[in-house]
Amino acid sequence: PAGPGGVAVPRAGLKKLALPPDYSGITMPEKPKLKFMDKVPAVPKVQREPRQLRDIRGPSQEATDFTQGQYGILALGGGYLHFGHFEMIRLTIARCMDPKSMFAVWRVPAPYKPVTRKSLGHRMGGGKGPVDHFVTAVKSGRLVVEVGGRCEFGEVRPFLARVAQKLPFPAIPVSRESLREMRREEEEKRLNNQNPWTFERVVASNMLGMRKYLSPYDLRLKGRYWGKFFLKHRV
Amino acid sequence: MAALGGGGTRWRRAWLPALQLLRRGSKAVTRHWKAMHFQRQKLLALTEYVSPRPAVPPRCLPRRSPQEPQEDGYARVLRRQAEQTLRDSRMVAVCHYNPMAEEDVATLRHYLRRHNIHLKFVLNEVMRPVLAQSKFRELLPLFVCRNVLLVSPEAPAREMLRVLKGVPHVTLLGACIDDTILSRRGVENFSRLPSLEVSQGQTVAALSLLSSQTSSLLQRGPAHLTALLDEHIRRLQGTGGAPETPPGH
């Protein structure tokens, strides 16, 4: 602002005070910290299961939206979580959060799937190995933990990012708004894509005999998933 | 196989390339990034996302000015207070304020309070809309830098000027006294005016002067005649004898 004589006059305006955030609709559960997850289920399976890697492949159908908390860790790829991961998550979050004002909730079950290992140094053959440990399968788009309470995303994001980095699949901390924003952007990209050739169009109508080189699952996955990986940049 | 190959119909074993492809290589889901078939790579390259390109680039369009921030509740309260102050006071003097020590401000406030003048620090961004809507529109150009308002329900201009003369930090810019906008000089002239009672008396005297003159004006003719006659009588008395008084017409 120029004052008399053309000299810029510094001006301090009225301080705009922001209203404090409204935490009225938040109920804290009795146990705010994360529950301890067993290494082995109470009734361990004796029958050894086939590998079934399809529980890693593709988008997740369960636990894709928030239930109790406001912030969480979203998995952007498929993978298995074992007891070590569970302990890491539990202890890191317990250390970094304030149990009086925040709470955390698991969105994945305790390890249930038995994974077999053959003992070291043996040749192939001799049957399937014994059960070594148990894991939980996580698909892309699933929430691993949810954090809520009287806190802001900025407070929660640093330690959630640290936890997300240590997981065996790519993961990011999200909030309700950021997840909604992500979904909206994906939808927008899908709608305003100027390319007339889309993966699903080519696969659905088997143009150029492409299905010879693609899997029947690609009809459903539409080129966004490859193995356990989620290709975020693809529309 | 010999068991299958015989019989009447010889049926060709179908060779499904998908099945053949499955026999070599790793499973579908691997820990590592599985190498894609080249045809698949070409398909993915073909079906990549192409972002929309508007005919006019957005940087050539006029930039939208940032929207006016929402009305602040605190600003609304301050504005209401300012409106009330302006409505209640008879005299509003605008002064430029240079920073001075807290105790000096307190002393100034004390001296002004003695004459029932209130010192008010105002924010320009709060005062500007208030002034624009009220009758003090002419005072808008005065609110540039740090300002201070001296408001009072009566108009003690002389005392205010005396106090402000002793404080070099506060400079009087202008005032609005009794719905009259005065400059600095105008305020000085206003202070030199006599008080209300004296001026009322002067007005009454000026008005009654004419009526008092009227009676003397009417009596001037006969008074003049009387004086002339007296003079004549005196002259006649001086010469001798007592003549009858001449008829007075």
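Quick note: structure is the one above.
Every value quoted in this text rests on a predicted model; they were computed, and no experiment measured them.

S.K.: Explanation requested: the overall build of chain A in the structure shown.
M.R.: What chain A contains, in helices and strands, is 5 helices and 9 strands. In sequence order, chain A lays out its α and β elements as β-β-α-β-β-β-β-α-β-α-α-α-β-β. Going through the 235 residues of chain A one by one, you find that 41% of them count as buried. For chain A, contacts bridging at least 24 residues in sequence account for 79% of all contacts bridging at least 6. Roughly 14000 Å² of accessible area belongs to chain A as shown, and the carbon and sulfur atoms make up 55% of that amount.

S.K.: In this structure, what is going on with the interface of chain A and chain B? I would like to understand it.
M.R.: In many analyses, interface size is given as the accessible surface area lost on bringing the parts together. Chain A puts 35 residues into the contact, and the matching count from chain B is 35 residues. Between chain A and chain B, the buried area comes to about 3100 Å², and carbon and sulfur atoms account for 69% of it. The three residues of chain A that bury the most area against chain B are Leu14(A), Tyr213(A) and Trp226(A), which together make up 24% of that side's buried surface. The tally of links between chain A and chain B comes to 1 salt bridge.

S.K.: Just to check I follow, could you spell out the nonpolar core for this structure?
M.R.: If you look at soluble globular proteins, the nonpolar side chains tend to sit buried side by side. Ranked by size, the top nonpolar core spans 29 residues in total, and within it Ile73(A), Ile89(A) and Ile93(A) carry the most contacts. Looking at this core, the elements that each hand over two or more residues are strand S1 (71-75), helix H1 (83-96), strand S3 (102-106), strand S6 (143-149) and helix H2 (153-166) of chain A. Considering every element that reaches this core, the biggest residue donor is H2(A), with 6 residues. When near neighbours in sequence (up to four residues on either side) are disregarded, Ile89(A) contacts Leu34(A), Trp106(A), Val144(A), Val145(A), Val163(A) and Leu167(A). Listed in part, the 24 residues of the second largest apolar core include Met91(B), Leu108(B), Ala157(B) and Leu182(B).

S.K.: Help me understand the side chain of Arg107(A), please; the structure alone is not making it clear to me.
M.R.: Residue and element names in this part refer to chain A. With respect to the secondary-structure elements, Arg 107 resides in the loop between S3 and strand S4 (113-116). Polar contacts involving the side chain of Arg 107 include one to the side chain of Thr 67, which spans 3.4 Å. Among residues more than four places away in sequence, those in contact with Arg 107 are Ala 63, Asp 65, Phe 66, Thr 67, Arg 142, Leu 143, Val 144, Val 145 and Glu 146.

S.K.: Teacher, can you tell me more about the sheet that holds strand S2 (residues 79-81) of chain A here?
M.R.: Sheets are built from strands that pair by backbone hydrogen bonding, the pairs being arranged parallel or antiparallel. Residues and elements named next belong to chain A. The strand order across the open sheet built from 3 strands is S2-S5-S4, with neighbouring strands paired in antiparallel fashion. With partners counted over all chains shown, the strands left at the sheet margins are S2 and S4, one partner each. The mean angle between the axes of side-by-side strands here comes to 55°, regardless of whether they run parallel or antiparallel. Bridging between S4 and strand S5 (residues 131-138) involves 4 bridges; their strand directions are antiparallel. Bridge pairing links Lys 113 to Val 135 in S5.

Reading the values: the criteria
- Each chain carries its own residue numbering, running from 1 in the direction its sequence is written.
- In the order they appear in the text, chains get letters beginning with A and ligands get numbers beginning with 1.
- In keeping with the predicted nature of the model, local features appear solely for residues at pLDDT of at least 70, side-chain atom pairs appear and are counted solely at 80 or more, and the whole-chain, interface and lining totals rest on all residues.
- By convention in this description, side-chain values take in all heavy atoms of the structure and omit both hydrogens and water.
- Comment: elements are numbered from the N terminus, with helices defined as DSSP H or I runs of at least four residues and strands as E runs of at least two.
- Relative accessibility decides the category of a residue: with a 1.4 Å probe and only protein chains considered, values under 20% of the type maximum give buried, values over 50% give exposed, and everything between is partly exposed.
- By definition, residues are in contact when any of their heavy atoms lie within 4.5 Å.
- Accessible surface area values rest on a Shrake-Rupley calculation with a 1.4 Å probe, where residue burial reflects the displayed protein chains alone.
- As a working definition, buried area equals the accessible area (1.4 Å probe) given up by two parts on being put together, with both sides summed.
- Take a side-chain nitrogen of Lys or Arg and a carboxyl oxygen of Asp or Glu: if they are within 4 Å of each other, that pair is a salt bridge.
- The term nonpolar core refers to a set of buried residues drawn from Ala, Val, Leu, Ile, Met, Phe, Trp, Tyr and Cys, joined through side-chain atoms within 4.5 Å.
- Each polar contact in these results corresponds to two N or O atoms within 3.5 Å; when the atoms are within protein, one needs to be able to donate a hydrogen and the other to accept it, and residues that are neighboring in sequence are counted only if both atoms are side-chain atoms.
- When DSSP finds two or more bridges between two strands, those strands count as paired.
- Geometry is summarised by axes, namely lines fitted to C-alpha atoms with helices restricted to the contacting stretch, and by angles between N-to-C directions that run from 0 to 180 degrees.

It is worth stressing that arrangement in space is one thing and function is another; only the former is reported here.
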